[in-house]
Amino acid sequence: MLGLVWGSILFLASYFVSGAMCFSALAVAPLVVAAYVDSIRHLLPDPLLAVAACMVLFGGILDGRLGFESVLAAACGLVVGYAASLVTSLGRGDAKLLGVLGLWLGVDLVLGLLIAVIGAGLWSGFLLLTRRATMATALPLGPWLVGGAICTFIGWPT
């Protein structure tokens, strides 16, 4: 988790230093704090998600990145997240987080979600193999979703 926090700080610092500040990147700070809280308490605080959504909206308007695709991705993220929370152990906070990430990433939400699910799956497999967790152990998905979104935003997989 500490790596996620430091990576996010370096990520923001690189934007400030390079002079190519992207206002949408301001959403990283509340998202990282929300992911940290989720890793400890298994809870994604609504106020932090609301602040992140406001920063994404504000930054998207200033950057000119907010479009129909972003709004559609946010709506799809919310709908799919809430539908998944009804039939799986996905929490409602994760569903709201998917909405915020959809607004931030637009159609790239799919790639961010793929990175998050693969990372969480590999980590879960490692914990099972080392017997630090069982099949009944609840693992928070929020840090993985935020990490996948940050990787997608900075263009890591490409």
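Refer to the preceding data block for the structure.
These notes cover the structure that comes with them. (Residues numbered from 1 in each chain as written. Predicted model: local features only at pLDDT ≥ 70, side-chain atom pairs only at ≥ 80, totals over all residues. Heavy atoms only, no water.)

1. Focus on the packing of helix H5 (residues 92–105) against helix H7 (residues 142–154)
In a pair of packed helices, the angle between the axes and the distance between the axes together describe the arrangement. Our working rule: Where helices are involved, their axes are fitted lines through C-alpha atoms of the stretch in contact, as for all axes, and angles between N-to-C directions lie from 0 to 180°. For the purposes of this entry, the term helix denotes a DSSP run of H or I that reaches at least four residues, the term strand denotes a run of E that reaches at least two, and both are numbered from the N terminus. Roughly parallel means an angle under 35 degrees; roughly antiparallel means over 145; roughly perpendicular covers 65 to 115; every other angle is labelled oblique. Residue contacts follow a heavy-atom distance rule, with two residues in contact if any of their heavy atoms lie within 4.5 Å.
One can describe the packing of H5 onto H7 by two numbers: an axis separation of 10 Å at closest approach and a directional angle of 5 degrees. Between H5 and H7, the interaxial angle falls into the category roughly parallel. Packed against H5, whose contacting residues are Asp94, Leu97, Leu98, Leu101, Trp104 and Leu105, the element H7 presents Gly142, Leu145, Val146, Ala149, Ile150, Thr152 and Phe153 at the interface.

2. Thoughts on the packing of aromatic side chains
To keep it simple, the criterion reads: Only centres within 6.5 Å qualify two rings of Phe, Tyr or Trp (six-membered ring in Trp) as a pair; their planes then separate them into stacked at under 30 degrees, edge-to-face at over 60, and tilted for everything else. Any residue under 20% of the maximum accessible area for its type is buried, any over 50% is exposed, and the rest in between are partly exposed; the area is computed with a 1.4 Å probe on protein chains only.
For the structure on display, the rule yields two aromatic pairs. Note on Trp104 and Phe153: the rings are 4.7 Å apart at their centroids and 25 degrees apart in plane angle, and the pair reads as stacked. One end of the pair, Trp104, is in helix H5; the other, Phe153, is in helix H7, with 49 residues separating them in the sequence. Here the two residues Trp104 and Phe153 agree in accessibility, since each one is buried.

3. Quick look at the pattern of salt bridges
Definition in use: Salt-bridge detection follows one rule: a side-chain nitrogen of Lys or Arg within 4 Å of a carboxyl oxygen of Asp or Glu.
Enumeration according to the criterion identifies one salt bridge in this entry. The salt bridge involving Asp46 is made with Lys96; its shortest N-O contact spans 2.8 Å. On the criterion of sequence distance, the pair formed by Asp46 in helix H3 (residues 46–63) and Lys96 in helix H5 is long-range, its members being 50 residues apart.

4. Remarks on helix H6 (residues 109–129)
Selection criterion: Every helix has an expected span of 1.5 Å times one less than the residues it contains. Arc, as used here, means the arc of the directions from the helix axis to the C-beta atoms.
The terminal C-alpha atoms of H6 lie 30 Å apart, and with 21 residues this matches the ideal 30 Å at 1.5 Å per residue to within 8%. Taken residue by residue, H6 has Leu109, Gly112, Ile115, Ala116, Gly119, Ala120 and Leu127 as its buried positions. Seen end-on, H6 carries its buried residues on one side only, within an arc spanning 130 degrees. Turned more than 90 degrees off the buried face of H6, the exposed positions are Val110, Leu122 and Leu129. Contact partners of the buried residues in H6: helix H4 (68–87), H5 and H7. Positive phi appears at Arg131, one or two residues downstream of H6, with a value of about 60 degrees.

5. Examining the environment of Val107
Counting through the fold element by element, Val107 comes out in the loop between H5 and H6. For Val107, a relative accessible area of 60% corresponds to the exposed category. If near-sequence neighbours (up to four positions away) are discounted, Val107 is found in contact with Glu69 and Ala73.

6. What to know about helix H2 (residues 28–41)
The end-to-end C-alpha distance of H2, which contains 14 residues, comes to 20 Å, matching closely the 20 Å that a straight helix rising 1.5 Å per residue would cover. Burial in H2 covers these residues: Val28, Pro30, Leu31, Val32, Ala34, Ala35 and Asp38.

7. Digging into the side chain of Thr152
We apply this condition: A 3.5 Å cut-off defines polar contacts: any pair of N or O atoms within that distance qualifies, except that in protein one atom must be a possible hydrogen donor and the other a possible acceptor, and neighbouring residues in sequence count only when both atoms are side-chain atoms.
With respect to the helices and strands, Thr152 occurs in helix H7. Among the polar contacts made by the side chain of Thr152, one reaches the main-chain amide nitrogen of Gly112 at a distance of 3.2 Å. A polar contact is formed between the side chain of Thr152 and the backbone oxygen of Gly148, at a distance of 2.8 Å. Setting aside anything within four residues of it in sequence, one finds Thr152 in contact with Leu105, Asp108, Leu111, Gly112 and Ile115.

8. Considerations on the nonpolar core
Nonpolar side chains tend to gather and get buried jointly when the protein is soluble and globular. For the record, the criterion: Put simply, a nonpolar core is a bunch of buried Ala, Val, Leu, Ile, Met, Phe, Trp, Tyr and Cys residues held in one set by side-chain atoms that sit within 4.5 Å of each other.
Formed by 27 residues in total, the largest nonpolar core has its most connected members in Leu31, Leu97, Leu101, Trp104, Leu145, Val146 and Ile150. Secondary structure elements with two or more residues in this core: H2, H3, H5, H6 and H7. Looking at this core element by element, the count peaks at seven residues for H5. Apart from the residues lying within four places of it in its own chain, the contact partners of Val146 are Leu31, Val32, Ala35 and Leu97.

Spatial relationships are all this shows, so hold off on functional conclusions.
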